[in-house]
Amino acid sequence: MKDEQKCEIPYFDPFSPEAMRAFHKKDYKPCNDLPPLTYIEQLWNNDTVNLYFNLSALDSYDLSDNDTLNCCYQVVTRTKEDDSGVELTNCEYFDSWPIQLSAEIEFLLVQCNTKPLPNKTSIVVYKNAHVLVRKKPEVLKRIEDKSSEAKKPLSVLLIGIDSVSRLNLMRAMPKTSQYLNENGWIEMKGYNKIEENTFPNLMAILTGFNQTIACDVCNPQTQGKLDSCPIIWYKFRDQGYATAYAEDQRYIGTFNYLRAGFTSPPVDHYFRPFGIAAERFFSNNTCLGYKHYGELIYQYAVDLAKQYKGKPYFGLYWTNSFSHDDVSLPSSMDEKMRDYLLELNDIGSLNETIVVFFSDHGMRYGAMREQPSGWYEERLPFIFFSLPEWFKREYPEFTENLKINADRLTTPFDLHWTLKHILSISTETNNTNDEEYAGLYCPKSQSLFHKIPYNRSCDDACITEQWCTCMHYVKLDKSSLMAKSAVDFVIQKINEDLAKLENKCAKLKLKEILHASVRIRLSEEKFTYYRAAFVALPSNGEFEFTVKHDNGTNVFQLAGEISRLNMYGDQGKCIDDVTLIKYCYL
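In short, a report on the structure. (Residues numbered from 1 in each chain as written. Predicted model: local features only at pLDDT ≥ 70, side-chain atom pairs only at ≥ 80, totals over all residues. Heavy atoms only, no water.)

## What about the overall build of the chain?
And step 1. A count of helical and extended segments in the chain gives 15 helices and 25 strands.
And step 2. Overall, the chain is about 85 × 65 × 45 Å in size when its C-alpha atoms are taken along their principal axes.
And step 3. Going through the 586 residues of the chain one by one, you find that 57% of them count as buried.
And step 4. Taking as baseline every contact in the chain between residues at least 6 positions apart, the subset at least 24 positions apart corresponds to 73%.
And step 5. As displayed, the chain offers around 25,500 Å² of accessible surface, 48% of which is attributable to carbon and sulfur atoms. (Helix = DSSP H or I, 4+ residues; strand = E, 2+ residues; numbered from the N terminus. Buried < 20%, exposed > 50% of the residue type's maximum accessible area, 1.4 Å probe, protein only. Contact = heavy atoms within 4.5 Å. Areas by Shrake-Rupley, 256 points an atom, 1.4 Å probe, with all protein chains shown as cover.)

In structure tokens, the structure reads:
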């Protein structure tokens, strides 16, 4: 008897009238209408870098005939204490150009002031930032020590955008989506998140751990624990790869929001020190000088590919600034995003690099979340793979399996095993097993280069009922006894957890039930699953949950994490518990 498919995700039109009422296309707006006064020229063959002053741009600035400029640059470096410390050199003044920058300089902040005159105050005319990927002798030596003429280097680029569903990529970034579909990128249409927000979904990719295990083994609230965490970029580094990690908007950084971050730089090319210094320098977390934050992140990715062309590298690049809080804002970066992907192709990187273009989840609150597709969009982020042509020829079975898996249920856990598989292919070592933590992984997760079972279920994929898009529910009267009982159970559970904070947070009580549903089930099943959303006082917080009900004992049990559906802002600002902050009202 043929296996039955256990996951059937319903189809939604990304351009339905309901969805388009919640979406409003945004135009790209440059950070500055004036041309920049400084620019960088980098020669990749010998890593010579020159800083130039753009004389022809001066006429665009509102300067009087008597005004002359004092220009200087500061170099940003990371202090050794922790992930929050940065140092800036004294401002190095220059009045001739080009200026050849020394090999250790990676991050620059540039400022030009008018020279002070009698009875006239000096004013700031120009501020900008420049980001570089430089050759590092210790990295080059590592690559050389591990190099093998028998194997082609297979690099990895993970390029991510926060909070973009598969449907919203089509809706908000049609030019990018068209480029991907017309140029052989392979889309995983059943890619299902495994937890609520960014940290656990990225940790599943980087470590293979779920949130509980990640917080145990890698406890991100404890200084130094992330440094000893088995994050996969360390495995690539140990096999001779150059490594990089960049993320914008440092205050919500994946490893730093209510977390301790890294004691030592976790990768060879680490963007965070620059982000800290630049956000202070510009008093901005959207534009850093003449470029949007996200543009700097993605250019940093392209520059990594240029700097290590022909050599193995692993990079993770993540942006929040144009997607985290606004379902429409990604549309402003559509052409820019497509152009970065085009540039990777133009410089030849796509023939030596497996590129994963992806998100962590869809929008978790707001008008789009309230649409018929919103529940599914939150759970189904986009993900595309680009494979080098030589890889497709040399590994046709892996390529075909990836294409088959495009229509099957997949998860961040599977992406983790795929990265390990890539490392094994590239280095001829066995990296598909991790002896120390082997028992902690989702047992049935696997590389996407192997065929995912047709009859895979959410249980097989380690997706809890709360996040599973495979199961079908029908509407339940929100005033029914079961709906009220389920909501009462969840509020009681939240209050029990808040009690651990010793009365720092108000006790929650029900304001109203927004909706409820029940899972279609077979008559012989022991459990019945319910979903509901409610508003709680005094915070007016909106919460959504899934519970399972034991039909014999009449006992409820949570079937996954409780979601917050509206922004909690600073309601819990005085607590530092990353789990309970969404419930807390001070």
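The discussion continues.
## Some thoughts on helix α10 (residues 334–346)
And step 1. The terminal C-alpha atoms of α10 lie 18 Å apart, and with 13 residues this matches the ideal 18 Å at 1.5 Å per residue to within 8%.
And step 2. Looking at α10, one finds that the buried residues are D334, M337, Y340, L341 and L344. Projected down its long axis, α10 carries its buried residues within an arc of 140°, all on one side.
And step 3. In this fold, the buried residues of α10 make contact with β9 (155–161), α3 (166–172), α4 (174–182), α9 (293–307) and β17 (353–358).
And step 4. Positive phi appears at G348, one or two residues downstream of α10, with a value of about 85°. (Expected span 1.5 Å × (residues − 1). Arc of directions from axis to C-beta.)

## Description of the sheet that holds strand β2 (residues 48–53)
And step 1. Sheet architecture is open: 3 strands sit in the order β1-β2-β6, paired in antiparallel fashion. For this open sheet the edge positions go to β1 (38–43) and β6 (99–101), each flanked by a neighbour on one side alone. Each neighbouring strand pair of the sheet contributes to a mean axis angle of 30°, computed without reference to strand direction.
And step 2. With 6 bridges joining them, β1 and β2 adopt antiparallel strand pairing. (Pairing = 2+ DSSP bridges. Axes fitted to C-alpha atoms, helices over the stretch in contact; angles between N-to-C directions.)

## Comments concerning the packing of aromatic side chains
And step 1. Applying the stated criterion across every chain yields a total of 39 aromatic pairs.
And step 2. Here W318 and F358 contribute two aromatic rings whose centre-to-centre distance is 5.4 Å and whose plane-to-plane angle is 50°, an arrangement assigned as tilted. With W318 in strand β16 (residues 313–319) and F358 in strand β17, the pair connects residues that are 40 residues apart, well separated along the chain.
And step 3. Taking relative accessible area as the criterion, W318 reaches 0% and is therefore assigned buried. (Phe/Tyr/Trp six-rings, centres within 6.5 Å; stacked < 30°, edge-to-face > 60°.)

## Describing the state of the cysteines
In protein structure, a disulfide is the covalent linkage between the sulfur atoms of two cysteines.
And step 1. Going through the model one piece at a time under the given rule, you end up with 8 disulfides.
And step 2. Residue pairing for C31: its cysteine sulfur links by disulfide to C287, the two sulfurs lying 2.0 Å apart. When the S-S torsion is -80°, as for the bridge of C31 with C287, the disulfide is left-handed. Taken together, the residues span a long stretch of sequence, with C31 in the loop between α1 (17–21) and β1 and C287 in strand β14 (residues 287–288) at a distance of 256 residues.
And step 3. Judged by relative accessible area, C287 falls into the buried class, the value being 15%. (Disulfide = S-S within 2.5 Å.)

## A short note on the pattern of salt bridges
And step 1. This model, assessed by the stated rule, comprises 31 salt bridges.
And step 2. Among the salt bridges present, the one from K25 reaches D27, with a minimum N-O distance of 3.7 Å. Of the two residues examined, K25 and D27, each falls in the exposed class.
And step 3. With a closest N to O distance of 3.4 Å, D497 and K500 form a salt bridge.
And step 4. Classification of D497 as buried rests on a relative accessible area of 15%.
And step 5. Bridged by salt links that share partners, the residues K193, R369, E378, R379 and E544 form one connected network. (Salt bridge = Lys/Arg side-chain N within 4 Å of Asp/Glu carboxyl O.)

## Concerning the nonpolar core
If you look at soluble globular proteins, the nonpolar side chains tend to sit buried side by side.
And step 1. Counting residues in hydrophobic clusters, the biggest one holds 60 residues, and the most contacted among them are F271, F274 and F357.
And step 2. With 9 residues, the top contributor of residues to this core is α9.
And step 3. Setting aside its immediate chain neighbours within four residues, F357 contacts I159, I161, L169, T176, L180, W185, M337, L341, F382, I383 and F384.
And step 4. One finds F209, F314, I383 and W417 within the second-largest nonpolar core, a separate group that totals 54 residues. (Core = buried A, V, L, I, M, F, W, Y, C linked by side-chain atoms within 4.5 Å.)

## Focus: the pairing of strand β18 (residues 383–386)
And step 1. Residues of β18 alternate between two faces, with I383 and F385 on one and F384 and S386 on the opposite face, all of them buried.
And step 2. Relative to β18, strand β10 (residues 186–187) runs antiparallel, the two sharing 2 bridges. Looking at β18, one finds that E187 is bridged to F384.
And step 3. Pairing geometry for β17 and β18, over 4 bridges, is antiparallel.

## Comments concerning the pairing of strand β22 (residues 527–537)
And step 1. Most of β22 sits out of view: 9 of its 11 residues are buried.
And step 2. In terms of strand pairing, strand β21 (residues 509–519) meets β22 through 8 bridges, oriented antiparallel. Looking at β22, one finds that I513 is bridged to F534.
And step 3. Two strands pair when backbone bridges link them, and β22 and strand β23 (residues 541–550) are joined in this way by 10 bridges, in the antiparallel orientation. Note that in β23 the partner of A532 across the bridge is F545.
And step 4. The antiparallel hairpin formed by β22 and β23 contains 3 residues in its connecting segment, where N540 sits at a positive phi of about 60°.

## What about the environment of V518?
And step 1. Relative to the helices and strands, V518 resides in strand β21.
And step 2. Distance from V518 to T48, taken between C-alpha atoms, is 64 Å for residues 470 residues apart in sequence.
And step 3. Residues within four places of V518 in sequence aside, it is in contact with H472, Y473, V474, L476, T528, Y529 and Y530.

## Some points on unusual backbone geometry
And step 1. That bond from W97 to P98 is cis: its omega, 5°, falls within 30 degrees of zero.
And step 2. Mapped onto the elements, P98 comes out in the loop between β5 (92–94) and β6.
And step 3. Following L537, the chain continues to P538 via a peptide bond in cis, the omega torsion being 5°.
And step 4. Topologically, P538 is positioned in the loop between β22 and β23.
And step 5. In the Ramachandran plot, L258 falls in the positive-phi region, its phi being about 55° despite a non-glycine side chain.
And step 6. Mapped onto the elements of the fold, L258 is located in the loop between β12 (242–247) and β13 (269–270).
And step 7. Of note in the backbone geometry, E502 takes a positive phi value of approximately 55° without being a glycine.

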